[in-house]
Amino acid sequence: MLGISPHGLLSAVGIVAAWFLLRRALRARGLDANAAEAAVGWGIPAGLVGARIDYVISHPGQFGSIWQMLEVGRGGMALFGGLLGGVLAALIVLRRRGVAVLPVLDAAAAPLAAGVALGRVGDLMLGDHLGRPLTGAWGIGYTIQPGSVLAPGFTPSPARAPGLGESCTDLGSFYAGCAYHLTPAYDLIAATVIAIVLVLLGKRIQRMPGVAISIFALLYAGQRLALDAARGIDERPFAGLTGTQLIATIVVTASAVAIITSLARRRRPPGTESLETLTSGAPHDSRVATPTAVIQARSGTDSSRPGDAS
């Protein structure tokens, strides 16, 4: 009997919904939807590759050889790496087709956030990505029921209560009757808020190419950098950071620089020449003498004699 995972099903729904919203955004901005369709066609498989790479970086202890890293059928995908892989592939396709890349990526920013939010619903249904024990004063928690079959990687499964010498605070174990951070809920809420922010900003940033997609990258990577600290079984091989947090640090830095650079260009005083203008040549000004005009003026001056009509 063929089983369908809520995770895979809702991820597919999120991709389809994001593409539908992207097509609407492209039409509203008068952009080429055909080129974007080709970019999405390459972006989906590239996203799967990126998701696997991110997972391997975040869980190096699970793999003893390169062949095990390539065994995708056994599971192991990370959403953040999937987003990066898909966007990078789309960027390459758009550039090869001679399409203005940044306006298309900007149009995709809000749909991407909405797609992430929908995809996370499947994780909530599956009880996947359980975090650390919920012992603080805040958090969205999930209390495991006795006998529950946990998502792959979470043990003991079926779930049981803590035994002798075991406790709800044990890291890496998930016991019945204990509450744990439900990290997909954090991601879902954050992605929803990001989508709303981008829609509200709307036309205010539409004339600033690259700003919308940079805002999406900054906010999404920033929340992953902060909230992934609550994850439960992710390895932390780099200065106490997960692989996703390490990648998110790079993305946050790059997107912040991109936004600051775009705002600086926007605020340049009118009449200030940019480096591009100086290197590519100033617009024609009739008051600036061309070489031919200079030669003619000099010829006229040399041929004139005292007493000639001026």
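In the block above lies the structure referred to throughout.
Residues numbered from 1 in each chain as written. Predicted model: local features only at pLDDT ≥ 70, side-chain atom pairs only at ≥ 80, totals over all residues. Heavy atoms only, no water.

**Some words on the state of the cysteines**
(1) Moving on: Scanning the model with the defined rule gives one disulfide in all.
(2) Moving on: The side chain of Cys168 participates in a disulfide bridge whose partner is Cys178; the two sulfur atoms lie 1.9 Å from each other. Looking down the S-S bond of the Cys168 and Cys178 bridge, the torsion is -65 degrees, so its handedness is left-handed. Here Cys178 lies in the loop between strand 2 (141–143) and strand 3 (179–182) and Cys168 lies in the loop between strand 2 and strand 3, a separation of 10 residues in the sequence. (Disulfide = S-S within 2.5 Å. Helix = DSSP H or I, 4+ residues; strand = E, 2+ residues; numbered from the N terminus.)

**Looking at the sheet that holds strand 3**
(1) Moving on: Reading across from one edge, 1-3-2 is the order of the three strands in this open sheet, with antiparallel pairing throughout. Because the sheet does not close on itself, it has two edges, and the strands there are strand 1 (130–133) and strand 2. The average undirected angle you get between the axes of adjacent strands in this sheet is 45 degrees.
(2) Moving on: In the sheet, strand 1 pairs with strand 3 via two bridges, with the strands oriented antiparallel. Looking across to strand 3, one finds that Pro133 is bridged to Tyr180. (Pairing = 2+ DSSP bridges. Axes fitted to C-alpha atoms, helices over the stretch in contact; angles between N-to-C directions.)

**Quick word on the nonpolar core**
(1) Moving on: Counting 42 residues, the largest nonpolar core has Leu26, Phe80, Leu94, Leu198, Phe216 and Tyr220 as the members making the most contacts within it.
(2) Moving on: Where this core is concerned, the elements lending two or more residues are helix 1 (6–29), helix 2 (33–58), helix 4 (79–96), helix 5 (101–126), helix 6 (183–201), helix 7 (211–227) and helix 8 (243–266).
(3) Moving on: If you tally residues by element for this core, the top one is helix 5, at 10 residues.
(4) Moving on: Not counting residues up to four positions away in its chain, the partners in contact with Phe216 are Leu83, Ala109, Leu112, Ala113, Ile194, Leu198 and Ala221.
(5) Moving on: Counting residues in hydrophobic clusters, the runner-up holds 13 residues, among them Phe154, Phe174, Tyr175 and Cys178. (Core = buried A, V, L, I, M, F, W, Y, C linked by side-chain atoms within 4.5 Å. Buried < 20%, exposed > 50% of the residue type's maximum accessible area, 1.4 Å probe, protein only. Contact = heavy atoms within 4.5 Å.)

**Remarks on the pattern of salt bridges**
(1) Moving on: This model, assessed by the stated rule, comprises six salt bridges.
(2) Moving on: Asp187 serves as the salt-bridge partner of Arg120, at 2.7 Å between the closest nitrogen and oxygen. Of this pair, Arg120 sits in helix 5 while Asp187 sits in helix 6; the two residues are 67 residues apart in sequence, bridging distant segments of the chain.
(3) Moving on: What makes Arg120 buried here is its relative accessible area of 4%.
(4) Moving on: Linked through salt bridges whose partners overlap, the residues forming this network are Arg120, Asp123 and Asp187. (Salt bridge = Lys/Arg side-chain N within 4 Å of Asp/Glu carboxyl O.)

**Structural notes on helix 8**
(1) Moving on: For helix 8, with 24 residues, the first-to-last C-alpha span of 35 Å sits near the 34 Å given by 1.5 Å per residue.
(2) Moving on: Turning to helix 8, its buried residues are Gly243, Thr244, Gln245, Ile247, Ala248, Val251, Val252, Ser255, Ile259 and Ser262.
(3) Moving on: Residues of helix 8 that are buried in the fold lie against helix 2, helix 4 and helix 7. (Expected span 1.5 Å × (residues − 1).)

**Comments concerning the side chain of Arg231**
(1) Moving on: Within the element layout of this structure, Arg231 appears in the loop between helix 7 and helix 8.
(2) Moving on: In this view, Arg231 contacts Arg120, His129, Gly131, Arg132, Thr183, Arg224 and Arg236; residues no more than four positions away in its chain are not counted.

**Considerations on a nonpolar patch on the surface**
(1) Moving on: Together, Ile15, Ile44, Leu48, Val72 and Met77 make up a nonpolar patch on the protein surface, roughly 400 Å² of accessible area in all.
(2) Moving on: As for its placement among the helices and strands, Ile15 is situated in helix 1. (Patch = residues over 30% accessible without salt bridge, like charges linked within 9 Å, V, L, I, M, F, W, Y side chains within 5 Å. Areas by Shrake-Rupley, 256 points an atom, 1.4 Å probe, with all protein chains shown as cover.)

**Some thoughts on the packing of helix 1 against helix 2**
(1) Moving on: Interaxial distance between helix 1 and helix 2 falls to 10 Å at its minimum, and their mutual angle equals 160 degrees. Here helix 2 runs roughly antiparallel to helix 1, going by the angle between their axes. In this structure, helix 1 meets helix 2 at a crossing whose hand is right-handed. Residues Ile15, Trp19, Leu22, Arg23 and Leu26 of helix 1 form the contact with helix 2, whose own contacting residues are Ala33, Ala36, Glu37, Val40 and Ile44.
(2) Moving on: Residue composition of the contact of helix 1 with helix 2, grouped by class: eight nonpolar, no polar and two charged. (Parallel < 35°, antiparallel > 145°, perpendicular 65-115°, else oblique. Left-handed = near helix turned anticlockwise from the far one by under 90°. Nonpolar A, V, L, I, M, F, W, Y, C, P; charged D, E, K, R; others polar.)

**Focus on the pairing of strand 3**
(1) Moving on: Summarising the sheet, strand 2 and strand 3 pair through three bridges and their orientation is antiparallel. Along strand 3, the bridge assignment pairs Thr143 with Ala179.

**Thoughts on unusual backbone geometry**
(1) Moving on: Of the consecutive residues Thr155 and Pro156, the connecting peptide bond is found in the cis state with omega at 0 degrees.
(2) Moving on: Residue Pro158 is bonded to the preceding Ser157 through a cis peptide linkage, with omega at 0 degrees.
(3) Moving on: The topology assignment puts Pro158 in the loop between strand 2 and strand 3.
(4) Moving on: Even without being glycine, His129 reaches a positive phi, approximately 55 degrees.
(5) Moving on: Counting through the fold element by element, His129 comes out in the loop between helix 5 and strand 1.
(6) Moving on: Looking at His129, the relative accessible area reads 17%, which means it is buried.

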